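Each chain, written out:
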Amino acid sequence: MIKLIYIFLFFFISTNISASTLDYKDLDKIIKKSTFFDNQGKTYSIDKINDKRNTLLIIDNHGSDYDIVKDKCQKKPALGYIWKGATVPAILKLHNKQIKGLTIKIYRLCSGVKGMTLKAMKKYRNQLKNNGTISNIEDETKNIKRQKILLNELNKFNEMGFENIVLSGFSAGAWASLNLQSKYPDKIKGTIAINPAAFGKKTIRKKYPEWGFFRKTNFDNLKKSNSINSIIFTHNKDKYETPETLSFFRDIKGVKFIDYSELKPTNCKWADANHNMGPSDGHGVPQSICFTNFIEKNNHLIKFLEQIL
């Protein structure tokens, strides 16, 4: 009996350590806003999911603000309010769909802790200026932290009995998801990446060249991937990354690359206003009904999920 108690205690302690090893400021407060969403963006409890083994769990990851601030991730954002952490509506449409005997559920993860400080950025900027390179990056960017938080949550869901997990994300959330997919293909069935980006606009990288270095380093690492099971959506009017800057993904096995530049921002409405976007607002298109219609018309997501399962 005593032996059984010790075995139980070891199991309990080990699983809880793996679920809470990250010590990022305000993470506990931020992650409490994570929740399950239905197809209208309404929240519900994990208790509503009775059959975890036959669930296809999509862990969705929001976009990010600058590293020096925490991301806005509301627990109950309005539909399409992606700047407040809402899941892209086209992803929400997958709720309760059946794919090869699995029922889709969507979990939006809030993980936007602060990243690299201005002091740290200046340190690396000076290294780059003086040496032409950055030899040792000791400080974590927000996206690196978010990848670790996401992996932590993924492991917790595995321990709960979820066997089939897909990642999705918008902007920096898509970038974190793609990186994790490349590193842990055995844990993740695939990734839906919508307008992936994580290193600011070109003007920002010119002002802060260390971010250009971080970007190139990350690009080079991804290019070494043997395979990344993913579907990537990108637009030529995106101010962050475009089909051209992300074209290297086309050469990686497992990547389905969707250039949806045919969808003009000027024909799409903002989620919070009854007027159309400007011609250079490609990064904001996924919040709109026109993007949802584009996805459903071409059946992009269902086909991708059927392919990877």
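Sequence positions are assigned chain by chain, starting from 1 and proceeding in written order. Totals for whole chains, interfaces and linings use every residue, but because this is a predicted model, local features are given only for residues with pLDDT of at least 70 and side-chain atom pairs only at 80 or more, for both listing and counting. Hydrogens are left out, water is left out, and the side-chain values use all remaining heavy atoms of the structure.

Can you help me understand the packing of helix α6 (residues 172-183) against helix α8 (residues 209-223) in this one?
Packed helix pairs are specified by the crossing angle of their axes together with the interaxial distance, meaning the distance between the axes. Angles run from 0 to 180 degrees between N-to-C directions of axes, and those axes are lines fitted to C-alpha atoms, restricted for helices to the stretch in contact. Strands are runs of DSSP state E lasting at least two residues, helices are runs of H or I lasting at least four, and both sets are numbered from the N terminus onward. α8 packs onto α6 with a crossing angle of 40° between their chain directions and a minimal axis gap of 10 Å. Overall, the two elements α6 and α8 adopt an arrangement that is oblique. Here α6 and α8 pass one another in a crossing that is left-handed. Contact residues: Trp 175, Leu 178, Asn 179 and Ser 182 in α6; Asn 218, Phe 219 and Leu 222 in α8. Three residue categories are used. Nonpolar comprises Ala, Val, Leu, Ile, Met, Phe, Trp, Tyr, Cys and Pro, charged comprises Asp, Glu, Lys and Arg, and polar comprises the others, including Gly. Of the residues that constitute the contact of α6 with α8, the class distribution is four nonpolar, three polar and no charged. For classification purposes, angles smaller than 35 degrees are called roughly parallel, those larger than 145 roughly antiparallel, those between 65 and 115 roughly perpendicular, and all remaining angles oblique. Left-handed describes a crossing in which the near helix is turned anticlockwise from the far one by less than a right angle; the clockwise case is right-handed. Note on definitions: a residue-residue contact is assigned when non-hydrogen atoms from the two residues lie within 4.5 Å.

How should I be thinking about the pattern of salt bridges in this particular structure?
Should their charged atoms come close, side chains of opposite charge can pair. Each salt bridge in this description consists of a side-chain nitrogen of Lys or Arg and a carboxyl oxygen of Asp or Glu lying within 4 Å of one another. Per the stated rule, a full pass over the model turns up 11 salt bridges. Residue Arg 215 is joined to Glu 241 by a salt bridge in which the shortest nitrogen-to-oxygen separation is 2.8 Å. Note that Arg 215 is positioned in helix α8 and Glu 241 in the loop between β8 (227-234) and β9 (253-259), a separation of 26 residues in sequence. Comparing Arg 215 with Glu 241, the two get one shared label, buried. The structure contains a network of salt bridges with shared partners spanning Lys 123, Glu 138 and Asp 139. The cut-offs for exposure are 20% and 50% of the maximum accessible area for each residue type, with area from a 1.4 Å probe on protein chains only; residues under the lower value are buried, those over the upper are exposed, and the others partly exposed.

So what exactly am I meant to see when it comes to the nonpolar core here?
The nonpolar side chains of a soluble globular protein tend to be buried, and buried together. Among the buried residues, those of types Ala, Val, Leu, Ile, Met, Phe, Trp, Tyr and Cys that are joined through side-chain atoms within 4.5 Å form a nonpolar core. If you look at the biggest cluster of nonpolar residues, it comprises 32 residues, and the most contacted ones within it are Leu 94, Ile 192, Phe 233, Phe 291 and Leu 305. Looking at this core, the elements that each hand over two or more residues are β3 (55-61), α3 (89-92), β5 (102-109), β6 (164-170), β7 (190-194), β8, α9 (289-298) and α10 (300-308). In terms of residues, this core owes the most to one element, α10, which gives five residues. If sequence neighbours within four positions are ignored, Leu 94 has contacts with Ile 58, Ile 104, Ile 106, Ile 192, Leu 301, Ile 302 and Leu 305.

Please clarify how the packing of α9 against α10 should be interpreted in this entry.
Packing of α9 against α10 brings their axes to within 5 Å, and their N-to-C directions diverge by 50°. The pairing of α9 with α10 is recorded here as oblique in orientation. For the pair α9 and α10, the contacting residues are Phe 294, Ile 295 and Asn 298 in the first and His 300, Leu 301 and Lys 303 in the second. Across the contact of α9 with α10, the residue classes break down as three nonpolar, two polar and one charged.

Where do I start with the packing of aromatic side chains in this structure?
A ring pair, where both rings are aromatic, is described by two values, the distance of the centres and the angle of the planes. The criterion for an aromatic pair is that two Phe, Tyr or Trp rings (for Trp, the six-membered ring) have centres within 6.5 Å, with stacked assigned to planes under 30 degrees apart, edge-to-face to planes over 60 apart and tilted to the rest. Tallying each qualifying case throughout the model produces 17 aromatic pairs. Measuring from centroid to centroid gives 5.4 Å for Phe 157 and Phe 162, while their planes differ by 85°, and the two rings are edge-to-face. Each member of the pair, Phe 157 together with Phe 162, is buried. Ring centres 4.9 Å apart and planes at 45° place the aromatic pair Phe 219 and Phe 248 in the tilted group.

Note that every value here comes from positions in space, so none of it alone points to a role or purpose.
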